[in-house]
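For reference, the chains in residue letters:
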Amino acid sequence: MPDSAASPVSPASPASPDSPASAASPASAASRLGRLADVPVLLVAVVWGSSYLAAKGVTTADTVLAVLVLRFAVVLPVLLIVGWRRLRALSGTQLRGAGLLGLVLAGIFLLETYGVVHTSATNAGLIISLTMVLTPLAESRVRGVRLPGAFLAAAGLSVAGVALLTQGAGFTAPSGGDLLMLGAAVARTAHVLAMARMESVRGADALSLTTVQLGGAVAVFAVLVAVPGTGASPRAAAAAFDAGDWAGLVYLSVFCTLFAFFVQMWAVRRTSPSRVSLLLGTEPVWAAAVGIALAGDRPGWAGFVGAVLVLVGTAWGRSAADRGRAAAGTPAGRPQTTRTPRLHTSETKGTPGR
């Protein structure tokens, strides 16, 4: 109920603690707090949507590994300082599990960064959004449960959208960058499922889990960049950076990773995970808007139709999965014909930012 619907209580006739007016006050305060928490979460979706263009601006095919090392070299010391006590509390089993997840995360960042170098920022942001429908599809197979027809229709719509999106300039084979981004979406799905199902990381602190994963990923990048022929070294790449490149790198490190992670942790304590998930789900909208407005991406009529289908399909799929998850909690005695697996989203515990 809107705040304006509650009539003020006069001093001459104070409301009793059990009156509707006094009960509405805490509810109104909670509603206002939820709306305030929405603002920084929506900003995370915006910066994530813009991260593809930022990565494209600062990275070339020769500097992918160097940029990844430099980007997370800024992030890791902050995470270590903030979470050192909780990090030391991790068991050996949890450390090994998080380290294994870090290897998967390294693969995700490699696919995403090489992919965005070889495709448009618009395509990159929309193709990676397929994770939102691939995850529940994969989880349904793993758990042997059936997804509702609405979700399957939404998934088909999203796949059709990607097909049109990547053919905006005419019906040809998808670019290598498009295929790499599709691989990144599959890898992100595997990463989310692994985090949800690995017993070794159950109960691990989110900050510590993120720190170990990023540390493992940076170790992989450092080893690969040391191999001859894999591109410029971090030192050489940094020496060639101009002010704009450094600004892009800091943006990726500070806003797309640190800011995003801490806002998620803050927001889920002040609002619902579903609300956070819904707001973060607008990321592909911002990716398309930034790519078209700032990068001058022109996907053509087929590409525009494909972009709309991806956005509609992922939003519809998220909604269908959420409704199915709510139905799974239906009280005993009420018929339930379909069980939908839990949709793991970007705020899943321990998932690093973009």
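Residue indices follow the written sequence of each chain, beginning from 1 at its first position. The model is predicted, so local features are restricted to residues of pLDDT at least 70 and side-chain atom pairs to those at 80 or more, both for listing and for counting; the totals for chains, interfaces and linings are taken over all residues. Remark: hydrogens and water are excluded; side-chain values derive from all non-hydrogen atoms of the structure.

### Overview of the nonpolar core
The condition that has to hold: For our purposes a nonpolar core is just a set of buried Ala, Val, Leu, Ile, Met, Phe, Trp, Tyr and Cys residues, chained together by side-chain atoms within 4.5 Å. Working definition: with a 1.4 Å probe on protein chains only, accessible area under 20% of the residue-type maximum means buried, over 50% means exposed, and in between means partly exposed. Only DSSP runs of H or I reaching four residues or more are called helices, and only runs of E reaching two or more are called strands; each is numbered from the N terminus. For this analysis, residues touch if any pair of their heavy atoms sits within 4.5 Å.
Among the nonpolar cores identified, the biggest contains 43 residues, and Val41, Trp48, Tyr52 and Phe151 are the most heavily contacted of them. Ranked by residues supplied to this core, first place goes to helix H1 (residues 20–58) with eight residues. Not counting residues up to four positions away in its chain, the partners in contact with Val41 are Val263, Ala267, Val276, Leu279 and Leu280. One finds Leu79, Leu214, Ala217 and Phe221 within the second-largest nonpolar core, a separate group that totals 25 residues.

### So, the packing of aromatic side chains
Put simply, the rule is: Centre distance within 6.5 Å is the pairing criterion for rings of Phe, Tyr and Trp, where only the six-membered ring of Trp is used; planes under 30 degrees apart are then read as stacked, over 60 as edge-to-face, and the remainder as tilted.
Within this structure, the stated rule accounts for six aromatic pairs. Judged by centre distance (5.5 Å) and plane angle (35 degrees), the rings of Tyr251 and Phe255 are tilted. Taken together, the residues span about one helical turn, with Tyr251 and Phe255 both in helix H10 (residues 243–268) at a distance of four residues. The class of Phe255 is partly exposed, set by a relative accessible area of 38%.

### A few points about the packing of helix H2 (residues 64–88) against helix H3 (residues 92–117)
Let me state the cut-off plainly: Only C-alpha atoms enter the line fits that serve as axes; for helices the fit covers just the stretch in contact. Angles between N-to-C directions range over 0 to 180 degrees. Comment on the angle field: the value is read as roughly parallel under 35 degrees, roughly antiparallel over 145, roughly perpendicular from 65 to 115, and oblique elsewhere. Less than a right angle of anticlockwise turn of the near helix away from the far helix marks a crossing as left-handed, whereas a clockwise turn marks it as right-handed. Gly counts as polar in this scheme, as do all residues outside two lists: the nonpolar Ala, Val, Leu, Ile, Met, Phe, Trp, Tyr, Cys and Pro, and the charged Asp, Glu, Lys and Arg.
One way to put it is that H2 packs onto H3 with a least axis distance of 10 Å and a crossing angle of 125 degrees. One way to sum up the angle between H2 and H3 is to call them oblique. Judged by the sense of rotation from one axis to the other, the crossing of H2 with H3 is right-handed. Here Val64, Leu65, Leu68, Arg71 and Phe72 of H2 lie close against H3, whose contacting residues are Phe109, Leu110, Thr113, Tyr114 and Val117. Looking at the contact of H2 with H3, its residues break down into eight nonpolar, one polar and one charged.

### Thoughts on the packing of helix H4 (residues 121–128) against helix H12 (residues 283–293)
Any two packed helices are characterised by the angle at which their axes cross and by the distance between the axes. In contact at an axis separation of 8 Å, H4 and H12 are set at 170 degrees when each is read in the N-to-C sense. The angle between H4 and H12 falls in the class roughly antiparallel. Between H4 and H12, the contacting residues are Ala121, Thr122, Gly125 and Leu126 on the first element and Pro284, Ala287, Ala288, Gly291 and Ile292 on the second. For the contact of H4 with H12, the per-class residue count stands at six nonpolar, three polar and no charged.

### Quick look at a nonpolar patch on the surface
The criterion, for reference: Here the term patch refers to residues with relative accessible area over 30% and no salt bridge, with like charges joined within 9 Å and nonpolar side chains (Val, Leu, Ile, Met, Phe, Trp, Tyr) within 5 Å. Methods summary: accessible areas were calculated by the Shrake-Rupley approach with a probe of 1.4 Å, and residue burial reflects only the protein chains presented. Criterion for a salt bridge: a side-chain nitrogen of Lys or Arg within 4 Å of a carboxyl oxygen of Asp or Glu.
On the surface, Val74, Val250, Val254 and Phe255 cluster together into a nonpolar patch covering about 280 Å² of accessible area. Sorting elements by how many residues they give to the nonpolar patch places H10 first, with three residues. Tracing the sequence through the fold places Val254 in helix H10. Accessibility expressed as a relative area gives 31% for Val254, which makes it partly exposed.

### A closer look at the side chain of Ser208
Definition in use: Pairs of N or O atoms within 3.5 Å make up the polar contacts considered here, provided that, within protein, one atom can donate a hydrogen while the other can accept it, and that residues adjacent in sequence are counted only when both atoms are side-chain atoms.
Relative to the helices and strands, Ser208 is located in helix H8 (residues 206–225). Of note is the side chain of Ser208, whose polar atom sits 3.3 Å from the backbone nitrogen of Leu87. In this view, Ser208 contacts Gly83, Arg86, Leu87 and Leu90; residues no more than four positions away in its chain are not counted.

### Focus on H4
Burial within H4 is extensive, with eight of its eight residues counted as buried. By the burial criterion, the buried members of H4 are Ala121, Thr122, Asn123, Ala124, Gly125, Leu126, Ile127 and Ile128.

### Some points on the environment of Ala320
Summarising the element assignment, Ala320 is placed in helix H13 (residues 300–327). Taking C-alpha positions, Ala320 is 6.2 Å from Ala150, a pair spaced 170 residues apart along the chain. Not counting chain neighbours up to four residues away, the residues in contact with Ala320 comprise Pro148, Ala150 and Phe151.

### Structural notes on the pattern of salt bridges
Close approach of charged atoms lets side chains of opposite charge pair. Tallying each qualifying case throughout the model produces four salt bridges. Of the charged contacts, one joins Arg86 and Asp205 as a salt bridge, the two residues approaching to 3.6 Å between their closest N and O atoms. Of this pair, Arg86 sits in helix H2 while Asp205 sits in the loop between helix H7 (176–197) and H8, and the two are 119 residues apart along the sequence. Under the relative-accessibility criterion, Arg86 is labelled partly exposed at 36%. Judged by its relative accessible area of 23%, Asp205 is partly exposed. Among the salt bridges present, the one from Arg143 reaches Glu139, with a minimum N-O distance of 3.8 Å. Note that Arg143 and Glu139 are positioned in helix H5 (residues 131–143) at a spacing of four residues, about one turn of the helix.

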